[in-house]
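Chain by chain, the residues:
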Amino acid sequence: MLGDESRRSRVLGPLALAGCITWFLILPLRDILSYPDRVAVLPNLETDAAAYDAFGRDFAASWQVSALPAKHPPGWMVLLASVYSVVGQSYVAGKLVSWTALVLLVALSAWLARRVYGNVAAAVAALLCASSPGLRAYVGTLQYEVVTAALFALLLVLSTKVCDAKSRRYAMQWAAIAGAAGAALVLTRETFVLVVPTVAWWISRRLSRTLDRRTALLAAGVLIVVSAGPALAWSAVQTSHHKRLILIAEKGPKEFQLGNNPLASGTYNEPLVGMAEPAGIAYVRAFPLDALQLAGRKVLYLF
């Protein structure tokens, strides 16, 4: 009798978990289909979404580099343009890319959690990702956040495959594959360029213990070169086109000013309150304690 109950719980538990995850994943899908004519389900996410939609449509129509702005990295806009070139301009189709990325993110997060902490952690990670209100909101808009999160998780998963390699040949192969994921990540959100050398350092440390130092350095180098190659090529194209130095995108200085001024709140609130002076480095120098408090708020907003 107890054995039957144990077997039943082992069956019902995973089924209940799968049902909950499926339900949470259906919710953002329902949002997409319920508001097919909205560029963003939530009004406060419309501004950037409308811009990405316009750039995607322009690039799909011409496939000219001039259609892509220097202010943004090209990855998300090229992905949107690719979708539009197949199915036509469609908010629903564009958002389905992010929904697919959410499904992938749930699976990758569960895989990573299971590898490090076990089955219970995998279930918790999958539930947290699937039920995240933030991820649900960004699935409902034409922005890159969910795709970026999935690419980051993919980079971590592939990097563990590099570390698991039992020979130099397989280490190089997995490093190249992981580098391709890193390249896509950097071209979608340029700030992740800081993540690639960190991951390469981790791979080097692990392979130095499991294989040899030369293989470790080669694998780390392959990861960095493959990840950086497309970004450097894009930077060269944009620099040549605009006749000024552009490293992937040129919005960094402007974003730093938006995030550090007397009206900054730790979130992107310029459309609501504008931007005041001093801004950027001048604000940090003039009000170091306020800038430090603001930095703390930004970190806490991540959690």
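Preceding this section is the structure that the text describes.
This write-up is about the structure you can find in this document.

Each value, and the rule that gives it
Residues numbered from 1 in each chain as written. Predicted model: local features only at pLDDT ≥ 70, side-chain atom pairs only at ≥ 80, totals over all residues. Heavy atoms only, no water. Axes fitted to C-alpha atoms, helices over the stretch in contact; angles between N-to-C directions. Helix = DSSP H or I, 4+ residues; strand = E, 2+ residues; numbered from the N terminus. Parallel < 35°, antiparallel > 145°, perpendicular 65-115°, else oblique. Left-handed = near helix turned anticlockwise from the far one by under 90°. Contact = heavy atoms within 4.5 Å. Nonpolar A, V, L, I, M, F, W, Y, C, P; charged D, E, K, R; others polar. Expected span 1.5 Å × (residues − 1). Buried < 20%, exposed > 50% of the residue type's maximum accessible area, 1.4 Å probe, protein only. Arc of directions from axis to C-beta.

Here we look at the packing of helix H3 (residues 75–87) against helix H4 (residues 91–117)
- Direction vectors running N to C along H3 and H4 enclose 125°, while the axes themselves pass 9 Å from each other. On the basis of the axis angle, H3 is oblique to H4. The element H3 and its partner H4 pack so that their crossing is right-handed. When H3 is examined against H4, the residues Trp76, Leu79, Leu80, Val83 and Val87 are found in contact with a partner set consisting of Ala93, Gly94, Val97 and Ser98.
- Residue classes in the contact of H3 with H4 are distributed as seven nonpolar, two polar and no charged.

Comments concerning helix H2 (residues 46–62)
- Between the first and last C-alpha of H2 there are 24 Å, a value that for 17 residues agrees with the 24 Å anticipated at 1.5 Å per step.
- For H2, the set of buried residues is Ala49, Tyr52, Asp53, Gly56, Phe59 and Ala60. Buried residues in H2, looked at end-on, bunch into an arc of 135°, giving them a common side. Pointing more than 90 degrees away from the buried face of H2 are the exposed residues Thr47 and Ala61.
- Of the surrounding secondary structure, the elements contacted by the buried residues of H2 are H3 and H4.
- Following H2 by one or two positions, Trp63 adopts a phi angle in the positive range, close to 55°.

It is worth stressing that arrangement in space is one thing and function is another; only the former is reported here.
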